[in-house]
Amino acid sequence: MLKNVFVPQEEIEKELSLCHQLRSVIGGGKKAYISTFGCQQNEADSERLMGLCLLMGYGVAEKIEDADLVIFNTCAIREHAELKALSKAGYIRKLKEKNRSLITAVCGCMAEQSHRREKILASYPYIDFIFGTDRVHRLPSMVAAALSGKKQQIYVSNLPHSEFGVIAEGLPVRRESGFRGWVSIMYGCNNFCSYCVVPYVRGRERSRRSEDVLAEVKALVDAGYKDITLLGQNVNSYKGDYSFPELLRRAASFEGEYWIRFMTSHPKDASSELVEAMAENPRIAPHFHLPMQSGDNRVLSLMNRRYTREQYMEKAAYIKDRVKDIALSSDIICGFPTETEAEFDRTVDAVDKVGFDMLFTFVYSPRPGTPAAEMEQIDHKVKTDRFARLSALENRRAEELNQRFVGQTLRVLSDGRSEDGIFRGRTGHNKIISFTLPEGADQGKAAAGSFIDVKVRSAAAYTLEGDALI
Ligand code: 5AD
Ligand code: SF4
């Protein structure tokens, strides 16, 4: 059981006041760069890290080459993600040769694994410090130590993963977007799906207080944010003062036009109350990400998912029935240990039957320390063949499903005009749509961050095209 998950406010205050002291040491004109890998949780953490950097007096570096402080916020979900971060971290040596006073750090999920930490320190002696996922609020202390000449420092929790994890409230945030914002509502995961490293690197599930979450959402709405995503590894097991559906309802009850989304739901916990909240409230965006992982019951059981194919399909059908035109998306792992061809066929069949607007398909990647890594592994070629088959099916299904929008007028949150001269935006279903404006129309009405109506003209698998009605 987690005790005292909240970092004491005095500790946060100490870090914040250290930021002010560091301003004179760091000096004017210095810049920070954060390279973020992986999921939205990491993006949200990076926005807090950058908030602290700004408070320490750093500016935001547009390019890594211009930075005096570089942080790699890494992901450990699959080996591919780890290798990407490691290869990019190798580039720091060149930067450090050019700028001797450059400070470099690695954080995020890779930093929580001791075998990775050892490899990083051995292969990259120029890394000044490594810190774990529950040390974000300590960045000022860590930078201060690096400035005073300490090298190769490691800052991680020494608690076993059964107890580890904190919540740090009151940190400054520097958001990447002026109209799309993340709000973490909880951290960690207790599900221990047998393939997944998250419960080990992000610690035990813990929820922020509902009042803190709602205050953050309200501040975003007041600041003009239009698309706000509530984040958690499994939002349905949120345990604040309110249940998750109630929190969602309240987050969607402030004055103004905006969308609320959430990521991610575990199918075993997604309740009908949640679906009804979505059906009732137009501010809750009609998109549901519900990872299926496999469509075969033996594989689901080996994965420790705790639902059956039938239960999943029933839930998906219920969601589609209750929320008009809802976009359903999912994650599938191809080539889980011991998965047979017939079992994979059942996954393909389930994907075909449910009909996903978007499918994130992954080749299974053994993660050291997880139970699945110890099971009998499947040939890489078999895994990639399965991946290719599923992707082909999904391309066809997504295109078919998207036709339902042709002729409809959808509310679109504009991303403005991109460099290629085309206006793009996203619908509530989180679909990318490109659109034209009528001759002579005021382009300001379609500026990034504005809502406009767009009549859909055509639909491909992953994009829509339409004409703005302004
Ligand atoms: N190998 C492949 N995919 C994985 N995922 C999680 N762990 C692994 C792994 N070891 C996928 C799951 C999850 C998504 C975020 O990443 O599908 O839902
Ligand atoms: Fe990983 Fe399963 Fe937790 Fe998702 S629910 S983070 S897949 S352990």
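Residues numbered from 1 in each chain as written. Chains lettered and ligands numbered in written order. Predicted model: local features only at pLDDT ≥ 70, side-chain atom pairs only at ≥ 80, totals over all residues. Heavy atoms only, no water.

K.L.:
I'd like a description of the overall build of the protein, backed by residues and values.
P.N.:
Looking only at helices and strands, one finds 14 helices and 19 strands in the protein. Computed over its C-alpha atoms, the radius of gyration of the protein comes to 23 Å, within 12% of the 23 Å expected for a compact globule of 470 residues. Once the C-alpha set of the protein is aligned to its principal axes, its extents read approximately 60 × 60 × 45 Å. Residue pairs at least 24 apart in sequence account for 75% of intrachain contacts in the protein once pairs closer than 6 positions are excluded. Surface accessibility of the protein: about 19800 Å² in total, with carbon and sulfur atoms responsible for 51%. For the protein, the distance from the average site of its 64 positive side-chain charges to the average site of its 63 negative ones is 3 Å. (Helix = DSSP H or I, 4+ residues; strand = E, 2+ residues; numbered from the N terminus. Rg over C-alpha atoms; globule rule 2.2 N^0.38 Å. Contact = heavy atoms within 4.5 Å. Areas by Shrake-Rupley, 256 points an atom, 1.4 Å probe, with all protein chains shown as cover. Lys, Arg positive; Asp, Glu negative; His and termini not counted. Charge placed at Lys NZ, Arg CZ, Asp CG, Glu CD.)

K.L.:
Break down the pattern of salt bridges for me, with residues and values.
P.N.:
Tallying each qualifying case throughout the model produces 48 salt bridges. For Asp-128, the salt bridge goes to Lys-151, with nearest N and O atoms at 3.6 Å. Remark: Lys-151 occurs in the loop between α6 (139-147) and β6 (153-155) and Asp-128 occurs in the loop between α5 (114-123) and β5 (129-131); sequence separation between them is 23 residues. Judged by its relative accessible area of 2%, Asp-128 is buried. (Salt bridge = Lys/Arg side-chain N within 4 Å of Asp/Glu carboxyl O. Buried < 20%, exposed > 50% of the residue type's maximum accessible area, 1.4 Å probe, protein only.)

K.L.:
Explain the sheet that holds strand β19 (residues 463-468) to me, and be specific about the residues and the numbers.
P.N.:
Taken in spatial order, the five strands of this closed barrel run β15-β16-β17-β19-β18, and their pairing is mixed. The mean angle between the axes of side-by-side strands here comes to 50°, regardless of whether they run parallel or antiparallel. With five bridges connecting them, strand β17 (residues 432-436) and β19 associate as parallel partners. When the bridges of β19 are listed, Ile-432 appears paired with Thr-463. (Pairing = 2+ DSSP bridges. Axes fitted to C-alpha atoms, helices over the stretch in contact; angles between N-to-C directions.)

K.L.:
Which residues make up the sheet that holds strand β12 (residues 287-289), and what values do they have?
P.N.:
Taken together, three strands build an open sheet; the order of strands is β12-β13-β14 and the sheet is parallel. The sheet terminates laterally at β12 and β14 (358-363), the two strands that pair on one side only. Taking each pair of neighbouring strands and ignoring which way they run, the sheet shows an average axis angle of 15°. Set on the sheet, helix α14 (residues 380-402) makes contact with β13 (327-334) and β14; between it and β14 the angle comes to about 175°.

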